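# Observations on the model geometry
Below, each chain spelled out in residue letters.
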Amino acid sequence: MKSDLIVSISAWRVNVPLLQEWAASEEFGGHKTGKGDRLILCLRDEAGNEGWGEGTTGLSNDAIGEVLQLLVGKSLSGLRLTVLDLHTRPTYWHQPLPPSPYAANVAKLQHRVRHPLQVVVEMAALDLIARRASVPLYLLFGGAWRDRVPVDYWMGRTTPEHAYRCVQRGKSLGFTGIKLKTALQDPNVERLEAIRDAGGPDWHVTVDPNGRFYSYDDAIKTIRAMDAVGNMTILEDPFPRTQLHEFAAVRRELKNARLVLHIDPPESLDAVIHARCVGGLNIDSHTQGLMRWRQQAATADQANLPVWHGSGLDLGIATCAQLHLAAATPNCVLPGDQSGPWLREATLVKNAFVVANGHVLVPQGVGSGAEPDLDAIDRYSSHQWNLQMP
C-alpha cells in the first residue's frame, strides 16, 4: 500500500438554504437552525483515494486556510483523531508549553482544546481511512447492528394548519413520525391534534421545546394535556438542562411519552446519567466529532439508556457519516433527525437517500458511501481552497 500521507486537500465554504415552506411558520419568525455556512472538505492520499467531511465553519477563510495548510503532508496514522491538534498557535489552555514542568495536561483539557474544525477534519480522515482499506465506515466503529436507521421527519415551530401540511409531506416521503420545535406559549395541544389528524393514530411525535417550557410549575398543566393526546412519544429538553431535578419530576408524570435530554455540553453526560432523570439521550457530534460521539453512546449503553444521533439539518456528506455511526451503535434505537436532505435545496451528494417505513437505509459502498456532487458543491460555494504537497 502506498504511503498514508495527505498529499492534497480541497475545501469549499458553502451555504445551502432550507426549504422555507417546510422549515417553520412565519408566525414564529421562521427557523434559524442550519442557516449558517458549512465547510466541505476532501483529503487525498498518494494513491488518489479521497475522504470527505462536512461541518460548520465558525472561522474566517484565512483561519481555515491556515489549518488546511497544517494538514498537507500529515500522515493519517499520525493523527490523534479523537482530539485533533489543529491549532496553528497555542491557546490559553496550552500554556505553558513543554518542556516546562508546568505544561498543561492536554488529555485532561480535551473540552477546552477541541478545535472548531475537529468534526469536519475527523470525518474526512475517517472516511479516507475506510476507503483506503476498502471497507464501509461503520466497520471502524465496530461493525453494523442494522442496515437502516430509525429517522423522523422534522419541522420547526408551526401553526396547527402548517403542521398538518408538514406531516402530510413527511408521510408521503415514507416517514412515520416527526420531531418539532416549540415553546410554552405555542398551541401545543392543538398542534398535536392536527398531527394526529394528518398522520393517523400511529404517527409519533418528538416534541423539543429547547428548554422553553421554563420550569415544572410553568409547564406541568400543558405537559399533562399534551401527554393525554397520545401521540407525543418523546419529550426532549422541556427545561434548561441545569434543572435535572425538574426533569425527574416530569418523568414521573408522563404516561405516554419518554423524557429525553440533549447532551450539551458533552461533559454533562456523567451528571445526567447519575441523576437518573431521563429515559433516553440525544447525542450529537457537531461539537465533538464521530469518535467522541461513539464513546458517549457507549457510556449511555452501560447505563442502559437508548440514544439517537442528533443533527443540524445537515447536508448529504454528514448525513452519510451519521447513518454509518448510528448503524454501528447498539443502543442507537430512538428515531434520529437526519432529515436535512429532505429540507434543503440540495444535498451536495449524488446519493438518493432511501426512506423505508420510518427508517433511512445506510449508504452502501466503501467509506461513508457519500458520492459528492462537485457541480452542486461549486454552485453553492462562496470560497474554495486547493492545497498540494510540494
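Preceding this paragraph is the structure being described.
I will try to describe carefully the structure that is included in this document. Just so it is clear, the model here is predicted, and its values are computed rather than measured.

### Looking at the overall build of the protein
A tally of regular secondary structure across the protein gives twelve helices and 14 strands. A compact globule built from 390 residues would reach a C-alpha radius of gyration of about 21 Å, and the protein, at 21 Å, matches this within 12%. For the protein, the C-alpha atoms occupy an extent of roughly 65 × 50 × 40 Å along the three principal directions. Residues classed as buried in the protein amount to 58% of the 390 residues present. For the protein, the accessible surface area stands at approximately 16200 Å², while carbon and sulfur atoms represent 50% of it.

### Some words on the sheet that holds strand S3 (residues 50-56)
Strands sit in the order S3-S2-S1-S14 across an open sheet of four strands; the sheet is antiparallel. Pairing within the sheet leaves two strands with one partner each, and these edge strands are S3 and strand S14 (381-388). Strand-to-strand twist of the sheet, defined as the mean angle between neighbouring strand axes without regard to direction, takes the value 15°. Of the pairings in the sheet, the one linking strand S2 (residues 38-44) to S3 comprises seven bridges and is antiparallel in character. Each residue of the ladder has a partner; that of isoleucine 40, found in S3, is glutamate 54. Where helix H2 (residues 61-71) meets the sheet, it contacts strand S1 (8-14), S2 and S14, and its direction lies at approximately 25° from that of S14. Along the sheet, helix H4 (residues 118-132) makes contact with S2 and S3, crossing S3 at roughly 160°.

### Some details on the packing of aromatic side chains
Centre-to-centre distance and the angle between the planes together describe a pair of aromatic rings. A full pass over the atoms with the stated rule returns six aromatic pairs. Ring geometry for tryptophan 12 versus tryptophan 52: centroids 5.7 Å apart, planes at 10°, classification stacked. Within this pair, whereas tryptophan 12 is found in strand S1, its partner tryptophan 52 is found in strand S3, the two being separated by 40 residues in sequence. Measuring from centroid to centroid gives 5.3 Å for phenylalanine 175 and tryptophan 342, while their planes differ by 90°, and the two rings are edge-to-face. Within this pair, whereas phenylalanine 175 is found in the loop between helix H5 (160-173) and strand S6 (177-181), its partner tryptophan 342 is found in the loop between helix H11 (316-327) and strand S12 (355-356), the two being separated by 167 residues in sequence. Neither phenylalanine 175 nor tryptophan 342 differs from the other in exposure class; each is buried.

### Observations regarding unusual backbone geometry
For the bond from glutamine 95 to proline 96, the omega torsion is -15°, close enough to zero to count as cis. Along the polypeptide, proline 96 turns up in the loop between H2 and helix H3 (110-113). That bond from aspartate 264 to proline 265 is cis: its omega, 5°, falls within 30 degrees of zero. Examined against the element boundaries, proline 265 turns out to sit in the loop between strand S9 (258-262) and helix H9 (269-275). A positive phi angle, close to 55°, is found at asparagine 210, a residue other than glycine. As for its placement among the helices and strands, asparagine 210 is situated in the loop between strand S7 (204-208) and helix H7 (216-229). Note on asparagine 210: relative accessible area 38%, which makes it partly exposed. At tyrosine 214, a position not held by glycine, the phi torsion is positive, near 70°. Its relative accessible area of 37% is what places tyrosine 214 among the partly exposed residues.

### Observations concerning the packing of H5 against helix H6 (residues 188-199)
With their axes 8 Å apart at the nearest point, H5 and H6 run at an angle of 35° to one another. Crossing handedness for the pair H5 and H6: right-handed. Seen from H5, the contacting residues are Pro160, Ala163, Tyr164, Val167, Gln168 and Lys171; seen from H6, they are Glu190, Arg191, Ala194, Ile195, Asp197, Ala198 and Gly199.

### Let's talk about the layout of surface pockets
Computed from the structure, the second largest pocket encloses a volume of approximately 190 Å³. Every residue lining the second largest pocket is listed: Leu70, Leu71, Lys74, Ser75, Gly78, Leu79, Arg80, Leu84, Asp85, Leu86 and His87. Each residue belonging to the lining of the second largest pocket can be placed in one class, and the counts come to five nonpolar, three polar and three charged.

### Observations regarding H2
Regarding H2, the residues found buried are Ile64, Gly65, Val67, Leu68 and Leu71. Along the long axis of H2, the arc covered by the buried residues comes to 165°, so they all point the same way. Looking at the packing, one finds that the buried side of H2 touches S1, S2, H4 and S14. Two residues or fewer after H2 comes glycine 73, characterised by a positive phi angle close to 90°.

The rules we used
- Residues numbered from 1 in each chain as written.
- Predicted model: local features only at pLDDT ≥ 70, side-chain atom pairs only at ≥ 80, totals over all residues.
- Heavy atoms only, no water.
- Helix = DSSP H or I, 4+ residues; strand = E, 2+ residues; numbered from the N terminus.
- Rg over C-alpha atoms; globule rule 2.2 N^0.38 Å.
- Buried < 20%, exposed > 50% of the residue type's maximum accessible area, 1.4 Å probe, protein only.
- Areas by Shrake-Rupley, 256 points an atom, 1.4 Å probe, with all protein chains shown as cover.
- Pairing = 2+ DSSP bridges.
- Axes fitted to C-alpha atoms, helices over the stretch in contact; angles between N-to-C directions.
- Contact = heavy atoms within 4.5 Å.
- Phe/Tyr/Trp six-rings, centres within 6.5 Å; stacked < 30°, edge-to-face > 60°.
- Left-handed = near helix turned anticlockwise from the far one by under 90°.
- 1 Å grid on protein atoms, 1.4 Å probe; cavity = no way out; pocket = protein on both sides within 12 Å on 5 of 7 lines; lining within 4 Å.
- Points joined across faces, edges and corners; volume = space filled by probe spheres on them.
- Nonpolar A, V, L, I, M, F, W, Y, C, P; charged D, E, K, R; others polar.
- Arc of directions from axis to C-beta.

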